Amino acid sequence: MNKPTSSHIVVGQVNRTYGLNGWHHVTSYTEQPSNLFTYPLFDQYLNPIKVLAHKPHGKKHVALFDHQTPESLVNALLYTPLDALPDLPKDQFYYHQLIGLSVIKDDGTHLGEVTDVYSNGSEDILICQNGKHHFELPIRAELNQIKLTEALIQLTTDANAFL
């Protein structure tokens with residue numbers, strides 16, 4: 001996942017072409033893959049990308065874009081404005097909101113900062129760094145408290161097993 005620009009975030013990626021009519025395989029980074037197509041989409045230069053049609057294809061989606069040269073879209077990241085994302089309940093967050101947060105133990109010891117977040121299929125994982133030391137932590141309510149307003153993630157004693 002890429003760190004967002006100040007006003008946009010990556011929500012998907014255009015992959016290889018599909019068929020002869022300009023369709024592309026698309027990877028969605030949204031919770032529900034079809035949600036990708038509900039957002040206004042832009043390329044890396046923040047030029048609008050118009051989706052003419054999309055449909056499920058196996059476990060992914062394919063889409064037809066209004067674009068002069070479909071091959072130039074291959075591997076392009078799809079961005080949407082941050083303000084286009086819906087507000088979440090108090091106990092939920094977007095990945096981009098966690099990047100840069102400080103990670104501390106329950107005794108206040110600073111462990112590092114969150115540099116990335118990903119899903120391994122069963123849970124969300126924080127990638128953290130302290131100097132040259134990298135470590136990963138699962139996001140679980142019993143292991144950590146995410147305090148966005150304080151820009152920190154406080155670990156419980158149970159999280160010591162992951163350090």
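Please read these numbers as outputs of a predicted model, since none were measured by experiment. (Residues numbered from 1 in each chain as written. Predicted model: local features only at pLDDT ≥ 70, side-chain atom pairs only at ≥ 80, totals over all residues. Heavy atoms only, no water.)

1. Quick word on the sheet that holds strand β11 (residues 133–138)
Line of reasoning, step 1. Overall, mixed pairing links the six strands, which are arranged β11-β10-β9-β8-β13-β12 in an open sheet. The sheet is open, and its two borders are formed by β11 and β12 (144–147), each paired with just one other strand. Adjacent strand axes in the sheet meet at a mean angle of 30 degrees when their direction is disregarded.
Line of reasoning, step 2. Direction of pairing for strand β10 (residues 124–130) relative to β11: antiparallel, over a ladder of six bridges. Bridging from a neighbouring strand, Gln129 pairs with His134 of β11. (Pairing = 2+ DSSP bridges. Helix = DSSP H or I, 4+ residues; strand = E, 2+ residues; numbered from the N terminus. Axes fitted to C-alpha atoms, helices over the stretch in contact; angles between N-to-C directions.)

2. Observations concerning the nonpolar core
The nonpolar side chains of a soluble globular protein tend to be buried with one another.
Line of reasoning, step 1. Counting 14 residues, the largest nonpolar core has Val26, Leu36, Leu41, Ile49, Phe65 and Leu78 as its most contacted members.
Line of reasoning, step 2. Contributions of two or more residues to this core are made by β1 (8–18) and β6 (60–65).
Line of reasoning, step 3. The element that contributes the greatest number of residues to this core is β1, accounting for three residues.
Line of reasoning, step 4. If we skip the residues at most four places from it in the chain, Val26 touches Gln13, Asn15, Leu36, Phe37, Lys60, His61, Ala63, Phe65 and Leu78.
Line of reasoning, step 5. Of all hydrophobic cores here, the second largest spans 13 residues; its members include Leu98, Val103, Leu111 and Ile153. (Core = buried A, V, L, I, M, F, W, Y, C linked by side-chain atoms within 4.5 Å. Buried < 20%, exposed > 50% of the residue type's maximum accessible area, 1.4 Å probe, protein only. Contact = heavy atoms within 4.5 Å.)

3. Here's the deal with the pattern of salt bridges
Line of reasoning, step 1. Throughout the structure, instances matching the rule amount to one salt bridge.
Line of reasoning, step 2. Notably, a salt bridge pairs Glu123 with Arg140, separated by 2.8 Å at the nearest N-O pair. With Glu123 in the loop between β9 (110–119) and β10 and Arg140 in the loop between β11 and β12, this residue pair connects regions lying 17 residues apart in the sequence.
Line of reasoning, step 3. For Arg140, a relative accessible area of 27% translates into the label partly exposed. (Salt bridge = Lys/Arg side-chain N within 4 Å of Asp/Glu carboxyl O.)

4. A few points about the packing of aromatic side chains
Line of reasoning, step 1. Here the structure, examined in full by the defined rule, presents zero aromatic pairs.
Line of reasoning, step 2. Its guanidinium or amino end placed over the ring of Trp23, Lys55 lies 4.7 Å from that ring's centre, counting from NZ or CZ. (Phe/Tyr/Trp six-rings, centres within 6.5 Å; stacked < 30°, edge-to-face > 60°. Lys NZ or Arg CZ within 6 Å of the ring centre and 35° of its normal.)

5. Some words on unusual backbone geometry
Line of reasoning, step 1. Not every positive phi belongs to a glycine, and Leu46 is a case in point at roughly 65 degrees.
Line of reasoning, step 2. If you trace the backbone, Leu46 turns up in the loop between β3 (41–42) and β4 (48–49).
Line of reasoning, step 3. Leu46 gets classed as partly exposed once you look at its relative accessible area, which sits at 39%.
Line of reasoning, step 4. With phi around 75 degrees, Asn75 is a residue other than glycine that occupies positive phi space.
Line of reasoning, step 5. On the secondary structure map, Asn75 appears in the loop between β6 and β7 (77–81).

6. Some details on the environment of Ser102
Line of reasoning, step 1. The topology assignment puts Ser102 in strand β8 (residues 102–104).
Line of reasoning, step 2. When its relative accessible area of 21% is taken as the criterion, Ser102 is described as partly exposed.
Line of reasoning, step 3. Expressed as a C-alpha distance, the spacing of Ser102 and Ile146, which sit 44 residues apart in the sequence, is 10.0 Å.
Line of reasoning, step 4. Filtering out sequence-adjacent residues up to four positions away, Ser102 remains in contact with His110, Gly112, Glu113, Ala151, Leu152 and Ile153.

7. What about the confidence of the model for the chain?
Line of reasoning, step 1. Model confidence for the chain is summarised by a mean pLDDT of 86, while 90% of its residues fall at 70 or above.
Line of reasoning, step 2. Per-element confidence in the chain is highest for β7, whose mean pLDDT is 94, and lowest for β12, whose mean pLDDT is 83. (pLDDT = per-residue confidence, 0-100.)

8. Focus: the side chain of Gln13
Line of reasoning, step 1. You can see Gln13 is positioned in strand β1.
Line of reasoning, step 2. Here Asn75 takes part through its backbone oxygen, which lies 3.2 Å from a polar atom of the side chain of Gln13.
Line of reasoning, step 3. Not counting the four nearest positions on each side in its chain, Gln13 is found in contact with His25, Val26, Thr27, Tyr29, Asn75, Ala76, Leu77 and Leu78. (Polar contact = N/O pair within 3.5 Å; in protein donor to acceptor, adjacent residues only side chain to side chain.)

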